[in-house]
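Coordinate analysis (summary)
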Amino acid sequence: MSASGGTKAIVAALGANLAIAAAKFVAFGFSGSSSMLAEGVHSIADSGNQGLLLLGGKKAKREATEQHPFGYGRERYIYGFLVSIVLFTIGGVFALYEGYEKIKHPHDLENWYWPVGVLVFAIIAEGFSFRTAIKESNELRGQLTWSQFVRRAKAPELPVVLLEDFGALVGLVLALGGVGLSLLTGNGVWDGIGTACIGALLVLIALVLAAETKSLLLGEAADAHQVAKIREALVDGETVTGVIHMRTLHLGPEELLVAAKIAVQHDDTAAEVARAIDEAEARVRSAVPIARVIYLEPDILRTASA
């Protein structure tokens, strides 16, 4: 699965969130709805998150240095993890606090048509952003389910945008429900309940994102399909007769390190082994183009284990 960063989806989400945030704060100012305030802060947090993703993608493109010989590809993972922290604290915890305060001290909504109109506009705008993220993701996920795509994607950007947009759409529906019930019943507690539900949703999404990006930060291997292709490419059946053991590690979404001990014939000359290693590296890079850093150690296979 390609590790494309989904820049188009990030930019679409950023534009939508900035416009929506402005509209939500205007609606909060006219209506006093805590759902609107929580949703406005949520959109500001999401806008900052997309900015972090774009910054991480730019920093990851820096050339390798003597101090960082494997490059800066993991910058994208770091910024993806920062996004989960921002979403948890600024988005989720703030909304939970606002919901608690509104439930404890409810008040009637003023100028109800402002929050309703803004929420409808926001649902439409977020829908377009979500559609863009789905379209970008469909080009990469292949036969994977959506949950498998989020768990297995090596590039953090698209899963982050997908979950953010999904959370935003569900949150908007919850906010609309809270505002609507407050208007129907005349009880502002419903607005607070809607706000608290938004906070709980954002905290849940943030925890999922944190778990996935933490795994990437710790270092994930290539997926099973790529590992099988690398093993097959290493062996030529002549000089390289097998793979004794192998390790793979993502240095970034689009760069894979491969380290393997390969079995060679005991009577091969040093020149033959060196040539076989060069050819094996070329075959691996052809089979899995993101395998850019390859270390191969030749050995004599003395056991049946590989």
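Fair warning: this is a prediction, and the values are worked out from it, not measured in the lab. (Residues numbered from 1 in each chain as written. Predicted model: local features only at pLDDT ≥ 70, side-chain atom pairs only at ≥ 80, totals over all residues. Heavy atoms only, no water.)

This brings us to the layout of surface pockets. Regions of empty space are outlined by a rolling probe, equal in size to a water molecule, passed over the atoms. By volume, the largest pocket is sized at about 480 Å³. Around the largest pocket, the lining is made up of 23 residues, and of these G57, A60, K61, R76 and E254 lie nearest the centre. Going through the elements one at a time, α1 (7-31), α2 (34-59) and β1 (240-252) are the ones with two or more residues in the lining of the largest pocket. The element contributing the most residues to the lining of the largest pocket is α2, with 4 residues. Looking at the lining of the largest pocket residue by residue, the classes come out as 8 nonpolar, 6 polar and 9 charged. Of the volumes computed, that of the second largest pocket is approximately 210 Å³. Lining the second largest pocket we find F130, I134, W146, S147, V150, R151, L162, L163, F166, V208 and E212. Sorting elements by how many residues they give to the lining of the second largest pocket places helix α5 (residues 146-152) first, with 4 residues. Each residue belonging to the lining of the second largest pocket can be placed in one class, and the counts come to 8 nonpolar, 1 polar and 2 charged. (1 Å grid on protein atoms, 1.4 Å probe; cavity = no way out; pocket = protein on both sides within 12 Å on 5 of 7 lines; lining within 4 Å. Points joined across faces, edges and corners; volume = space filled by probe spheres on them. Helix = DSSP H or I, 4+ residues; strand = E, 2+ residues; numbered from the N terminus. Nonpolar A, V, L, I, M, F, W, Y, C, P; charged D, E, K, R; others polar.)

Below, the discussion takes up the nonpolar core. Grouped together as the largest cluster of nonpolar side chains are 36 residues, with contacts concentrated most on L53, L87, L119, F149, V161, I205 and L209. Mapped onto this core, the elements with two or more residues apiece are α1, α2, α3 (75-104), α4 (113-141), α5, α6 (157-185) and α7 (189-218). Top element by residues in this core is α6. It accounts for 9 residues. Excluding its chain neighbours within four sequence positions, the residues that come into contact with I205 are L87, L163 and G167. Membership of the second largest hydrophobic core comes to 22 residues, among which are V240, V243, A260 and I262. (Core = buried A, V, L, I, M, F, W, Y, C linked by side-chain atoms within 4.5 Å. Buried < 20%, exposed > 50% of the residue type's maximum accessible area, 1.4 Å probe, protein only. Contact = heavy atoms within 4.5 Å.)

Taken together, the side chains of V26, F30, W112, Y113, W114 and L183 make up a nonpolar region of the molecular surface, amounting to roughly 580 Å² of accessible area. Secondary-structure elements contributing two or more residues to the nonpolar patch are α1 and α4. Within the fold, W112 resides in the loop between α3 and α4. Judged by its relative accessible area of 46%, W112 falls in the partly exposed class. (Patch = residues over 30% accessible without salt bridge, like charges linked within 9 Å, V, L, I, M, F, W, Y side chains within 5 Å. Areas by Shrake-Rupley, 256 points an atom, 1.4 Å probe, with all protein chains shown as cover. Salt bridge = Lys/Arg side-chain N within 4 Å of Asp/Glu carboxyl O.)

Moving on to the packing of aromatic side chains. Two numbers describe a pair of aromatic rings. These are the distance of the centres and the angle of the planes. A full pass over the atoms with the stated rule returns 3 aromatic pairs. Considering the side-chain rings of F30 and W114, the 4.4 Å spacing of their centres and the 5° angle between planes classify their relative orientation as stacked. Of this pair, F30 sits in helix α1 while W114 sits in helix α4, placing them 84 residues apart in sequence. You can call F30 partly exposed: its relative accessible area is 39%. A centroid spacing of 6.2 Å and a plane angle of 90° characterise the contact between W146 and F149, whose relative ring orientation is edge-to-face. Of the two residues, W146 and F149 are both situated in helix α5; the distance of 3 residues between them amounts to about one turn of the helix. Note on W146: relative accessible area 34%, which makes it partly exposed. Positioned over the ring face of W146 is R141, at 4.0 Å from the centre of the ring. (Phe/Tyr/Trp six-rings, centres within 6.5 Å; stacked < 30°, edge-to-face > 60°. Lys NZ or Arg CZ within 6 Å of the ring centre and 35° of its normal.)

On to empty space enclosed by the protein, then. For the structure shown, the criterion picks out 2 cavities of 30 Å³ or more. By volume, the largest cavity amounts to about 80 Å³. Looking at the largest cavity, the residues that line it are V150, R151, A153, P156, P159, V160, L209, E212, T213 and L216. Mapped by element, the contributors of at least two residues to the lining of the largest cavity are α5, α6 and α7. Taken together, the residues of the lining of the largest cavity break down into 7 nonpolar, 1 polar and 2 charged.

Here we come to the packing of α3 against α7. One can describe the packing of α3 onto α7 by two numbers: an axis separation of 7 Å at closest approach and a directional angle of 160°. When the interaxial angle is binned, α3 and α7 end up roughly antiparallel. Considering how the two elements wind past one another, α3 and α7 form a crossing that is left-handed. (Axes fitted to C-alpha atoms, helices over the stretch in contact; angles between N-to-C directions. Parallel < 35°, antiparallel > 145°, perpendicular 65-115°, else oblique. Left-handed = near helix turned anticlockwise from the far one by under 90°.)

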